[in-house]
Amino acid sequence: MNADAHHKLQRSLETSIRLAHQLEESLLKETRAVEARQPDTLQDVVTGKQTLLHELETETRNQQGLVEAAGEAFSPEGVARLFSKMDDGVVLNDLWQALRQSIERCDTLNQGNARLIDRDRQRVELSMQILRGEETGPAATYDPYGRARPGNHGGRQITQA
């Protein structure tokens, strides 16, 4: 890899790390917006997140082109081989590892947000079923002795109350 390509790769990795850190912040804002049930804020965060993802994808394509132009596959193994052949590959490897760690944190945050959103969706869906008077499954109630017993299906629905 020539010096120009080396510098381009280093700048691209540094840019990706900056973008990944911004994505982490966006995901944390998304978590707060979901928990606070702030749809307007959530929409703004999602729009910003999509922009960051697009920029990260562009940088990833740049990195892939540089690595492949140097004769290696754009895979963890190929990148490691490339960096091991370089005099100052340690610097690039450190950047690469920092990027991978940030992306892993983003993935974890994103999965957590998906679970939060799904839980809220299920809660709203259940509430709507109850309001429409639809069966929601056996609900446990308690008898005078504190023992759980299946819900009484012979009663009136909330829409009939």
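Quick caveat, the model's predicted, so the values are computed rather than measured. (Residues numbered from 1 in each chain as written. Predicted model: local features only at pLDDT ≥ 70, side-chain atom pairs only at ≥ 80, totals over all residues. Heavy atoms only, no water.)

So, about the packing of aromatic side chains. All told, the structure shown has 1 aromatic pair when counted by the stated rule. Summarising the aromatic geometry, the rings of Phe-74 and Trp-96 are spaced 5.9 Å apart at their centres and angled 75 degrees between planes, so their arrangement reads as edge-to-face. Of the two residues, Phe-74 sits in the loop between helix 2 (39–69) and helix 3 (76–85) while Trp-96 sits in helix 4 (residues 89–132), which places them 22 residues apart along the sequence. A residue is classified by how much of its surface remains accessible, and Phe-74, at 26% relative accessible area, is partly exposed. (Phe/Tyr/Trp six-rings, centres within 6.5 Å; stacked < 30°, edge-to-face > 60°. Helix = DSSP H or I, 4+ residues; strand = E, 2+ residues; numbered from the N terminus. Buried < 20%, exposed > 50% of the residue type's maximum accessible area, 1.4 Å probe, protein only.)

If you check the backbone angles, Arg-37 has positive phi at about 55 degrees while not being a glycine. Turning to its location among the elements, Arg-37 is positioned in the loop between helix 1 (3–35) and helix 2.

For Glu-72, the position within the fold is in the loop between helix 2 and helix 3. The buried category is assigned to Glu-72, whose relative accessible area is 9%. A polar contact is formed between the side chain of Glu-72 and the side chain of Arg-81, at a distance of 2.9 Å. There is a polar contact of 2.5 Å between the side chain of Glu-72 and the side chain of Lys-85. In this structure Glu-72 touches Val-67, Gly-78, Arg-81, Leu-82 and Lys-85, once residues within four positions along its chain are discounted. (Polar contact = N/O pair within 3.5 Å; in protein donor to acceptor, adjacent residues only side chain to side chain. Contact = heavy atoms within 4.5 Å.)

All of the buried residues along helix 3 are Gly-78, Val-79, Leu-82 and Phe-83. Taken around the axis of helix 3, the buried residues stretch over an arc of 130 degrees, which confines them to a single face. The exposed set on the far side of helix 3, more than 90 degrees from its buried face, consists of Glu-77, Ser-84 and Lys-85. Packing partners of the buried residues in helix 3 comprise helix 1, helix 2 and helix 4. (Arc of directions from axis to C-beta.)

We now examine the pattern of salt bridges. Counted under the stated rule, the structure contains 5 salt bridges. A salt bridge links Glu-72 to Arg-81; the nearest nitrogen and oxygen atoms lie 2.9 Å apart. Residues joined by salt bridges that share partners form a network here, namely Glu-72, Arg-81 and Lys-85. (Salt bridge = Lys/Arg side-chain N within 4 Å of Asp/Glu carboxyl O.)

Once that is clear, we can look at the environment of Leu-23. With respect to the helices and strands, the residue Leu-23 is situated in helix 1. A relative accessible area of 7% places Leu-23 in the buried class. The spatial distance from the C-alpha of Leu-23 to the C-alpha of Ser-102 is 9.1 Å, given a sequence separation of 79 residues.

The next point concerns the nonpolar core. By size, the foremost hydrophobic cluster in this structure holds 15 residues, and its most contacted members are Leu-9, Leu-13, Phe-83 and Leu-92. Every element with two or more residues in this core is listed here: helix 1, helix 2, helix 3 and helix 4. Broken down by element, the residue count for this core peaks at 5 residues, all from helix 1. Setting aside its immediate chain neighbours within four residues, Leu-9 contacts Met-1, Gln-63, Leu-66, Val-67, Phe-83 and Leu-92. Counting residues in each nonpolar core, the second largest holds 6 residues, with Leu-23, Leu-27, Leu-56 and Cys-106 among its members. (Core = buried A, V, L, I, M, F, W, Y, C linked by side-chain atoms within 4.5 Å.)

Purely spatial values, then, with no claim about function.
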